[in-house]
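A look at the structure
The chain contents come next:
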Amino acid sequence: MMPLSKSTGASAAGAAVPPVPPYWEEAKAELMKRDRIMKKLIPQFGDLHLVGNGDPFLTLARSIVGQQSSAKAAETAWTNLMEAVPKFTPAQVIKTGAENLAACGLSKRKTEYILDLAEHFKAKLVHVDKWGAMDDEAVITELIQIRGITRWTAEMFLIFNQLRPNVLPLDDPGLIQGISRNYFSGEPVSRSDAREVSANWEPWRTVATWYLWRSLDPVA
């Protein structure tokens, strides 16, 4: 499953999101210069680029909803959740309660995860104001202490909320499928193969990953 957040635009809270990540054009030029696949792939998508979500809580909640679900099921559950909790804040999610959250199409476990996430944010057990100064692994280490936040979820957060330029989400099937299709003619790809291919993308692995996602799903 590819990340549900991939199509997320401005946050529900209206937080300002950079229209284009500041490194995007430089990264495109570098990737096209050094990687023959990227040289062919990147121009196919014109001015499309990664669009971030400026609300940390919403970004993480949406990633939880998308875990181990089909894109259609996840999108339906998310739409229902937005209708049930239009002001999507930790306090409002907690106030809505488990029964109403589950009625949106969430499993019992995902309902528990969303509530645990809300409790962490409400109690300030996560250091949102410090994440910008922390390196990728430090943010991941903090986030995976929350129930339901896997390394994949944390990496999606780094890409779509923090706009980090060099994230390689090896647990993401979309990335592995994109590498298989574009670099190995559809043959199976191991994590080792993916790391070897991605070595050529440093320090812009987020950007290369995004274009591989686009090669599978052209609509950003």
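The coordinates are above.
What comes next is a walk through the structure.

About the criteria used
Residues numbered from 1 in each chain as written. Predicted model: local features only at pLDDT ≥ 70, side-chain atom pairs only at ≥ 80, totals over all residues. Heavy atoms only, no water. Helix = DSSP H or I, 4+ residues; strand = E, 2+ residues; numbered from the N terminus. Rg over C-alpha atoms; globule rule 2.2 N^0.38 Å. Buried < 20%, exposed > 50% of the residue type's maximum accessible area, 1.4 Å probe, protein only. Areas by Shrake-Rupley, 256 points an atom, 1.4 Å probe, with all protein chains shown as cover. Lys, Arg positive; Asp, Glu negative; His and termini not counted. Charge placed at Lys NZ, Arg CZ, Asp CG, Glu CD. Salt bridge = Lys/Arg side-chain N within 4 Å of Asp/Glu carboxyl O. Contact = heavy atoms within 4.5 Å.

Time to look at the overall build of the chain. The number of helices and strands found in the chain is twelve helices and zero strands. Overall, the chain shows an N-to-C arrangement of helices and strands of α-α-α-α-α-α-α-α-α-α-α-α. Rg of the C-alpha trace for the chain: 17 Å, near the compact-globule value of 17 Å for 220 residues, within the 12% margin. Taking the principal axes of the C-alpha coordinates as reference, the chain spans close to 50 × 35 × 30 Å. Considering the chain as a whole, with its 220 residues, one finds that 50% of them fall into the buried category. Total accessible area on the chain stands at roughly 10500 Å², and carbon and sulfur atoms take up 53% of it. Across the chain, 25 positive and 25 negative side-chain charges occur, with their mean positions spaced 2 Å apart.

With that settled, consider the side chain of aspartate 116. Within the fold, aspartate 116 resides in helix α7 (residues 108-122). In this structure, aspartate 116 is buried with no salt-bridge partner, the nearest side chain bearing the opposite charge being arginine 147 at 5.2 Å. Filtering out sequence-adjacent residues up to four positions away, aspartate 116 remains in contact with Ile146 and Arg147.

Glancing now at helix α3 (residues 56-66). Spacing of three or four residues puts side chains on the same side of an α-helix, whose turn is 3.6 residues. Summarising burial for α3: eleven of the eleven residues are buried, a large majority. Taken together, the buried positions of α3 are occupied by Pro56, Phe57, Leu58, Thr59, Leu60, Ala61, Arg62, Ser63, Ile64, Val65 and Gly66. Those residues of α3 hidden inside the fold are in contact with α4 (71-84), α5 (90-96), α7, α8 (136-143) and α9 (151-160). Glutamine 68 lies just past α3 and shows a positive phi near 50 degrees.

Next up on the list: the pattern of salt bridges. This structure, assessed with the given rule, holds eleven salt bridges. Here glutamate 30 makes a salt bridge to arginine 34, at a shortest N to O gap of 3.0 Å. Of this pair, glutamate 30 and arginine 34 both sit in helix α1 (residues 24-34), four residues apart, which is roughly one turn of that helix. Of the charged contacts in the structure, one is a salt bridge between glutamate 112 and lysine 108, with a shortest N-O distance of 2.7 Å.

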